[in-house]
Amino acid sequence: MPARSTSSARLRTSMRGRNRNSVARFIGAANVIKGTARDANHVEFAGATLEVVGATLTTGQSAPVAIRQHEIQLATQPPAAAQNTLKAIVTRQVYLGMNRDYMLETADGTSLRVTTPTETAVEKGSEVWLTLPPARCRALSR
């Protein structure tokens, strides 16, 4: 009878104490924002209230929320609907051929990474509005 491999058991053991925020970043270029739960599915972050899906939240508790960089919509004008919208400042913009990669700073100093189509060109220092679609804002369990 062959010996059983313990490598998967070791991996599970080593991952038990890992921060879920790190896992969210690892599985696919996600921004992890740190807000405060207002209720079971709303988080206060950078002066805005975000509707989220995923883990059930406890009012008043710290609430990490993951959203992938390509799912955030960036606009130079305020959007018509204010749901899940917040202001930010462009701190970096890099042309990558098929898209542009932005670093943005929110009112509370949080840095977010956003990827847009090449046609969206906004200069460093510009004020922008970000829309974070509720179905793409995933509350992480603690």
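Residues numbered from 1 in each chain as written. Predicted model: local features only at pLDDT ≥ 70, side-chain atom pairs only at ≥ 80, totals over all residues. Heavy atoms only, no water.

Observations regarding the pattern of salt bridges
Tallied over the full model, the rule gives 4 salt bridges. Ionic pairing is found between Glu 71 and Arg 136, a salt bridge with its closest N-O pair at 3.4 Å. One end of the pair, Glu 71, is in the loop between β5 (62-68) and β6 (73-75); the other, Arg 136, is in the loop between β10 (127-131) and β11 (138-139), with 65 residues separating them in the sequence. Residue Arg 136 is classed as partly exposed on the basis of its relative accessible area, which comes to 46%. Asp 101 is paired through a salt bridge with Arg 92; the nearest N and O atoms lie 2.3 Å apart. (Salt bridge = Lys/Arg side-chain N within 4 Å of Asp/Glu carboxyl O. Helix = DSSP H or I, 4+ residues; strand = E, 2+ residues; numbered from the N terminus. Buried < 20%, exposed > 50% of the residue type's maximum accessible area, 1.4 Å probe, protein only.)

Let's talk about the nonpolar core
Among the nonpolar cores identified, the biggest contains 27 residues, and Val 52, Leu 74, Leu 104, Val 128, Leu 130 and Leu 132 are the most heavily contacted of them. Looking at this core, the elements that each hand over two or more residues are β1 (30-39), β2 (42-45), β3 (48-51), β5, β7 (85-95), β8 (99-106), β9 (111-117) and β10. Excluding anything up to four places from it in sequence, Leu 74 contacts Tyr 102, Leu 104, Val 114, Thr 116, Thr 120, Val 122, Val 128, Trp 129 and Leu 130. (Core = buried A, V, L, I, M, F, W, Y, C linked by side-chain atoms within 4.5 Å. Contact = heavy atoms within 4.5 Å.)

A short note on the environment of Ala 30
With respect to the element layout, Ala 30 can be found in strand β1. It is 9.3 Å that separates the C-alpha atoms of Ala 30 and Leu 112, two residues lying 82 residues apart in sequence.

With respect to the sheet that holds β7
A sheet is described by the order of its strands in space; here 5 strands give the open sequence β6-β10-β7-β8-β9, paired in antiparallel fashion. Here the strands that pair on one side only, and so sit at the sheet edges, are β6 and β9. Going across the sheet, the axis of each strand differs from the next one's by a mean of 45°, ignoring polarity. Both β6 and β10 contribute to a ladder of 3 bridges, which runs antiparallel. Bridge assignment links Ala 75 to a residue of β10, and that residue is Trp 129. (Pairing = 2+ DSSP bridges. Axes fitted to C-alpha atoms, helices over the stretch in contact; angles between N-to-C directions.)

A few points about the side chain of Thr 131
Checked against the element boundaries, Thr 131 lands in strand β10. For Thr 131, a relative accessible area of 17% gives the class buried. With residues near it in sequence (within four places) discarded, Thr 131 still touches Glu 71, Ile 72, Gln 73, Pro 79, Gln 83, Asn 84 and Thr 85.

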